[in-house]
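A structural walkthrough
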Amino acid sequence: MKTDTIAAISTAMTASGIGIVRMSGSEVFTIIDRVYQSKGKKKKLSQVPTHTIHYGYIMDGDEMIDEVLVMVMRAPRSFTSEDTIEINCHGGVYAMKRILETVIKNGARPAEPGEFTKRAFLNGRMDLSQAEAVIDVINAKNEYALKSSVSQLRGSVMQAIKEIREQIIYHIAFIESALDDPEHISLEGYGGELQQVNNKLIGKLEKLIASSEDGKMMKEGIRTVIVGKPNAGKSSLLNVLVGEDRAIVTDIAGTTRDILEETIQIHGISLNIIDTAGIRSTEDVVEKIGVSRAKDYAKDADLIIYVVDSSTELDENDSEIIEMLRSKKAIILLNKTDLQMITSEEMLKERIDKPVIPVSAKENKGIDLLELTLKEMFFHGEISFNDEVYITNIRHKTALADALSSLRQVRESIEMGMPEDFYSIDLMSAYEELGGIIGESVGEDLVNEIFSKFCMGK
Ligand SMILES: Nc1nc2c(ncn2[C@@H]2O[C@H](COP(=O)(O)OP(=O)(O)OP(=O)(O)O)[C@@H](O)[C@H]2O)c(=O)[nH]1
Ligand SMILES: [Mg+2]
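From a predicted model like this one, the values you see are computed outputs, not experimental measurements.

Take the site of ligand 1 next. Close contacts around ligand 1 come from 24 residues, with Lys-234, Ser-236, Gly-254, Thr-255 and Thr-256 the closest. Contact between ligand 1 and Lys-234: an oxygen atom at 2.7 Å from a side-chain N or O atom of the residue. Between ligand 1 and Lys-336, the relevant distance is 3.0 Å, taken from an oxygen atom to a side-chain nitrogen or oxygen of the residue. For ligand 1, whose free accessible area comes to 650 Å², the fraction covered by protein is 91%. Comparing atom positions with the cavity grids shows ligand 1 to sit within the second largest pocket. Considering every element that reaches the shell around ligand 1, the biggest residue donor is helix α8 (residues 234-242), with three residues. Across the shell around ligand 1, the residue classes break down as seven nonpolar, eleven polar and six charged.

Written as structure tokens, this is what we have:
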């Protein structure tokens, strides 16, 4: 297949040690022969074997642009499955731009964001879920996000979806053949048999969908909101967790007025930690806005850390906060345990069933236990990427949910003793919905939209 030749700077557009300008398409060798000059001026890269590296210069006519190493990868043994050239140059923004301009002047065209990966997908080098994993690998901000995207890149999601689809298509085919040829294929008792298979498939889809909760946390981080009464030590806690003095801490109740957000890593998990204004009823206009913001943030949190000052008594403000926690994942920190304790662990346990951890933000005590509790709360047991598939992509999750409701429809039809062609209609919908995840039966619009989210040069 002939394609036009695309080119882009594939490394970051900042001054760095090396930069890479990448080209892919049918004309890469024509173009590189025009702009590359070897030391002895004789070598032509169109003549060299695949997967070799060549030292030389990029020339714009008679002008030497940069000293480079050029990598040659011939189709189909490249990322895009097309002839590909990577020019390793000095990583100055200007040098990279000049090289890009030179190859464009000689016949390449600038690549769209994600176009290299799009070609890899269109050329059958990877399925859509793997192509999407490429961008997740690039954007991974912690160990788990990286591991789950690499596993998706290696085809874990594709494999899981393929297996489910194979079973579905087998049954569609069976029903259709039986309906076509009732004399030879009997559907007697088939409903019960299908019900068993279908229930198993439903279980698998439910498990995949449930994994997306963990998947989302891995990818985006856990939205953690610190709440509590004024002066409880919320900002002190944020500072301890971040490891530097980000928030203002004073002994004046009502110090924090606005939201402050920081990202930290605990055991490889990202937490977006949000410090908020102390919750109390107040007439101060600014503080009032801060308090209502704190409540809004708490509503959207994946996790609430409720900081209690153990050296004071619980009051009606605490009661209000405790009510906010009931329906949420929450950890209670009994702070200031270095002082005389007035409120105890037992008193809090009586009010609400959430883990209570005694700490001292001031003396950095108990924080390790908090970190351990967090880990256990979000990841039940160790995460293993060998057999588990984590759904981290919202598009995949939606498709799985659609497929699940189609399979539930099949279950209902069987229970109600509907005719067999009803089963096959819903099985077919599930089959197509799942196909969307791996890129079968998806429209051009969706493909374009997915790849436009990529960065330049990938
Ligand atoms: N003794 C002791 N004092 C603490 C501890 N944690 C915080 N403090 C003190 O408590 C006071 C209030 O701390 P902050 O961290 O500003 O409290 P806050 O909850 O952010 O308060 P607001 O922003 O006003 O809502 C400061 O004087 C801190 O030094 C602790 O563990 N032990
Ligand atoms: Mg504060």
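Strand order in the open sheet formed by six strands is β9-β10-β8-β11-β12-β13, with mixed pairing between adjacent strands. At either margin of the open sheet sits one strand with a lone partner, and together these are β9 (260-266) and β13 (356-358). Between one strand axis and the next, the sheet turns through 25° on average, direction left out of account. Where β9 meets strand β10 (residues 269-275), seven bridges bridge the pair, whose relative direction is antiparallel. If you follow Glu-262 over to β10, its bridge partner there is Ile-273.

Right, let's talk about the sheet that holds strand β7 (residues 109-110) for a bit. Strand order in the open sheet made by the seven strands is β3-β4-β5-β6-β2-β1-β7, with mixed pairing throughout. The open sheet terminates on both sides in strands that have one partner only, identified here as β3 (36-38) and β7. Bridge count between strand β5 (residues 63-73) and strand β6 (residues 84-91): five bridges; the pairing is antiparallel. Paired with Val-70 across the strands is Ile-87, a residue of β6.

Before going further, it helps to spend a moment on the packing of aromatic side chains. Under the defined criterion, the tally for this structure stands at three aromatic pairs. Just above the ring of Phe-116 sits the side chain of Arg-22; from NZ or CZ to the centre is 4.4 Å. If you follow Arg-165 out to its NZ or CZ, it ends over the ring of Tyr-431, 3.8 Å from the centre.

Looking now at helix α13 (residues 394-415). Taking 1.5 Å of rise per residue, the 22 residues of α13 would be expected to cover 32 Å, and the 32 Å separating its terminal C-alpha atoms lies within 8% of that figure. Buried within α13 are the following residues: Arg-395, His-396, Ala-399, Leu-400, Ala-403, Leu-404, Ser-406, Leu-407, Val-410, Ser-413 and Ile-414. Taken together, the buried residues of α13 touch α4 (128-139), α5 (143-153), α6 (156-180), α7 (190-220), α14 (420-438) and α15 (444-452). Capping the start of α13 is the job of one residue whose side-chain oxygen sits 2.8 Å from the backbone nitrogen of Arg-395: Asn-393.

This part takes up the coordination of the magnesium ion (ligand 2). For a metal with four tetrahedral donors the ideal donor-metal-donor angle is 109.5 degrees, whereas six octahedral donors ideally subtend 90 or 180 degrees. Around the magnesium ion (ligand 2), the protein supplies Ser-235 (OG) and Thr-256 (OG1) as donor atoms, at distances of 1.9 to 2.0 Å. Taken together, the residues span a long stretch of sequence, with Ser-235 in helix α8 and Thr-256 in the loop between α8 and β9 at a distance of 21 residues. Residue Ser-235 shares its accessibility class with Thr-256, and that shared class is buried.

Glancing now at the side chain of Gln-130. Note that Gln-130 resides in helix α4. Among residues more than four places away in sequence, those in contact with Gln-130 are Gln-152, Leu-153, Arg-154, Gly-155 and Met-158.

Within this numbering scheme, the UniProt entry marks Asn-231, Thr-250, Ile-252 and Thr-255 as carrying the feature "binding site: K(+)" (unreviewed entry). Considering the C-alpha atoms alone, the annotated residues occupy 25 residues of sequence yet fold into one spot, their largest mutual distance being 8.1 Å. Checking the named residues against the second largest pocket, the ones that line it are Asn-231, Thr-250, Ile-252 and Thr-255. Structurally, Thr-250 can be placed in the loop between α8 and β9. The class of Thr-250 is partly exposed, set by a relative accessible area of 33%.

How each quantity is defined
Residues numbered from 1 in each chain as written. Chains lettered and ligands numbered in written order. Predicted model: local features only at pLDDT ≥ 70, side-chain atom pairs only at ≥ 80, totals over all residues. Heavy atoms only, no water. Near = heavy atom within 4 Å. Polar contact = N/O pair within 3.5 Å; in protein donor to acceptor, adjacent residues only side chain to side chain. Areas by Shrake-Rupley, 256 points an atom, 1.4 Å probe, with all protein chains shown as cover. 1 Å grid on protein atoms, 1.4 Å probe; cavity = no way out; pocket = protein on both sides within 12 Å on 5 of 7 lines; lining within 4 Å. Sits in = over half its atoms within 2 Å of the grid points. Helix = DSSP H or I, 4+ residues; strand = E, 2+ residues; numbered from the N terminus. Nonpolar A, V, L, I, M, F, W, Y, C, P; charged D, E, K, R; others polar. Pairing = 2+ DSSP bridges. Axes fitted to C-alpha atoms, helices over the stretch in contact; angles between N-to-C directions. Phe/Tyr/Trp six-rings, centres within 6.5 Å; stacked < 30°, edge-to-face > 60°. Lys NZ or Arg CZ within 6 Å of the ring centre and 35° of its normal. Expected span 1.5 Å × (residues − 1). Buried < 20%, exposed > 50% of the residue type's maximum accessible area, 1.4 Å probe, protein only. Contact = heavy atoms within 4.5 Å. Donors = N, O, S within 2.8 Å, 3.2 Å for Na, K, Ca; no water. UniProt positions renumbered as here; feature names shortened; annotations may be inferred.

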